[in-house]
Amino acid sequence: MEQVYIEDIASAEGKEVEIKGWLYNARSSGKLRFLQIRDGTGIIQAVVFKEDVSEEVFSMLGELTQETSIILRGTIHADMRAPGGYEMSAFNIEKVGDSPNYPITPKEHGVHFLLDRRHLWMRSAKQHAILRVRHEVVSAIRDFFNNRGFINLDAPIFTPAACEETSTLFETEYFNDQAYLTQSGQLYMEAGCMAFGKVYCFGPTFRAEKSKTRKHLTEFWMVEPEVAYMNLQGDMELAEDFICYIIERALENRRPELDKLERDISKLEAVKKPFPRITYDEAVKILQEKGSEIKYGDDLGAVEEEILGDYYHIPVMIHHWPAEVKAFYMKRDADKPELALGVDMIAPEGYGEIIGGGQREDDYDTLLASIKKHNLPEEAFDWYLDLRRYGSVPHAGFGLGLERTVGWITGVHHIRECIPLPRMMQRLKP
RNA sequence: UCCCCGGUGGCUCAAUGGUAGAGCGGGUGGCUGUUAACCACUAGGCUGGCGGUUCAAGUCCGUCCCGGGGAGCCA
């Protein structure tokens, strides 16, 4: 008998087919049993009348527990009363594997309890929806860059030293030496763009920051494009097109999942070009008008990001930052050297910074001076300085945090639900 | 590292300083259209650890452990 996946069930109407899956929920009404089956692609209800099956099968159904793996054979037909519009009248049920005392019941559970059982929690409908949106965003990210002629040039996970001076790195033993887990592939992408023109890397990133907030993971996924001969303006246009494309794809292909998550679709539909672009100076003025106590020269905190997000309702790009708050590799503005050509994109609804990037310093002497000023080990950046020795050109890029982006699109409160197995300060299992 | 909140059956939570409870889940029985089904019965507890105040502590005080939220930093 032909196996059918529940997402394709409409094509099986009127046919006798096989569904292979797991018991999601069961109800019983005397001589009638209702079994809700999930197979990873959806959920369908099967109805079993006592007279349609053998006595052994019918009494076995009464003992089935949640998440027992079963194979159902029956006829598919449309039914107004069924949640998905289709229902199976089953005439044969085969139990594959028992599932005694499944811990995640159809009632409320705390996040801690669920995270301890994340390997099982992934089976739940809401988690399914979120991770399917994540999959769509991942596909959209790759398609966007691939369709624009970018080369995927992934960066190493093991790195010999800090890419930037501030963030905390995870240390690991590397034979008889010390290595660190990457916190950014950007410096390597700068090398890549001088070789291939347009490149991106997309992989896990590690930060040993002691951050316990809904926006932080110790291991998260970041995509980092880098383009030769591109300036800050081009960088902002790229970032804007990129975000618009991701949102379009999510709306186009994952509408049922977003509905399941009760996401306010209109807020995503409002995300259209052009995004507001304001300088750091303008941002500070707006924030001060809105009651923030920010002083010129301060970096934006979580409160400031939220104020700006609420003010614009769509992502806002802030550029031309005081150089002091930005990294050593940022290029300075030619007219106002105290400003760096960096850009941050702040997502609305409190999801914070989803993109950070800018134009990089391409002058050898200026970059070397900056490395020295930041007390960075010059010898570690030998190869990086080579990029300014041999045919240096203006170039720019950015990094986008995948889980924050998925969090924003799905409207999930905490980004730990936006990655299959989250790694946080207090969590390394499962 | 700092600030705030919490820890009570398997789960989610109640309980003026005075006999520890409910819903769900589990078990047993009933029901031919259930949608987190419903109805009845039933089992299940050293209230995070240690110390203190009190006739009496889940409740008050001290301390430690664990967890959550936020700040800083960042995507």
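A quick note: this is a predicted structure, and the numbers were derived from the prediction, not measured.

J.: Would you mind going over the overall build of chain A with me for this structure?
T.: Across its full length, chain A holds 13 helices and 16 strands. When each of the 430 residues of chain A is scored for burial, the buried share is 51%. For chain A, the computed accessible surface area is about 20,600 Å², with 50% contributed by carbon and sulfur atoms. Side chains of chain A give 51 positive and 70 negative charges; the mean places of these two sets differ by 4 Å.

J.: Looking at this structure, I do not really get the pattern of salt bridges. What am I missing?
T.: Charged atoms that come close allow side chains of opposite charge to pair. Following the criterion strictly, the structure yields 26 salt bridges and no others. The closest approach of N and O atoms between E136 and R254, which form a salt bridge, is 3.2 Å. Placement of E136 in helix α4 (residues 125-147) and of R254 in the loop between α6 (232-253) and α7 (255-260) is noted, with a sequence separation of 118 residues between them. For the pair E136 and R254, one class covers both residues: buried. E226 is the salt-bridge partner of R360, the closest N and O atoms lying 2.9 Å from each other. Placement of R360 in the loop between β15 (352-359) and α11 (364-373) and of E226 in strand β11 (residues 219-228) is noted, with a sequence separation of 134 residues between them. With respect to class, R360 is no different from E226; both count as buried. When salt bridges that share partners are traced, they join R132, E136, D143, R249, R254 and E257 into one network.

J.: I keep staring at the protein's contact with RNA strand B and nothing clicks. Help me out?
T.: In the vicinity of RNA strand B, 50 residues are found, and the nearest of them are N25, R27, K107, R207 and R404. Here, RNA strand B places atoms within 4 Å of the protein, and 49% of those atoms are sugar or phosphate. The contact in question runs from a sugar or linking oxygen of RNA strand B to an N or O atom on the side chain of R404, over 2.3 Å. Looking at the surface near RNA strand B, the elements with two or more residues in it are β1 (16-28), β2 (32-38), β3 (43-49), α2 (111-116), β11, α10 (302-312) and β15. No other element matches the 4 residues that β15 contributes to the surface near RNA strand B. Class assignment of the residues belonging to the surface near RNA strand B gives a composition of 13 nonpolar, 18 polar and 19 charged.

J.: Can you walk me through the sheet that holds strand β8 (residues 171-174) in this structure?
T.: Within a beta sheet, neighbouring strands are joined by backbone hydrogen bonds and run either parallel or antiparallel to one another. Read across the open sheet, the 3 strands follow the order β7-β9-β8; overall the sheet is antiparallel. Two strands close off the open sheet at either side, each with one partner strand: β7 (158-159) and β8. Pairing geometry for β7 and strand β9 (residues 177-181), over 2 bridges, is antiparallel. Bridge pairing links F158 to L181 in β9.

Reading the values: rules and limits
- Residues numbered from 1 in each chain as written.
- Chains lettered and ligands numbered in written order.
- Predicted model: local features only at pLDDT ≥ 70, side-chain atom pairs only at ≥ 80, totals over all residues.
- Heavy atoms only, no water.
- Helix = DSSP H or I, 4+ residues; strand = E, 2+ residues; numbered from the N terminus.
- Buried < 20%, exposed > 50% of the residue type's maximum accessible area, 1.4 Å probe, protein only.
- Areas by Shrake-Rupley, 256 points an atom, 1.4 Å probe, with all protein chains shown as cover.
- Lys, Arg positive; Asp, Glu negative; His and termini not counted.
- Charge placed at Lys NZ, Arg CZ, Asp CG, Glu CD.
- Salt bridge = Lys/Arg side-chain N within 4 Å of Asp/Glu carboxyl O.
- Near = heavy atom within 4 Å.
- Polar contact = N/O pair within 3.5 Å; in protein donor to acceptor, adjacent residues only side chain to side chain.
- Nonpolar A, V, L, I, M, F, W, Y, C, P; charged D, E, K, R; others polar.
- Pairing = 2+ DSSP bridges.

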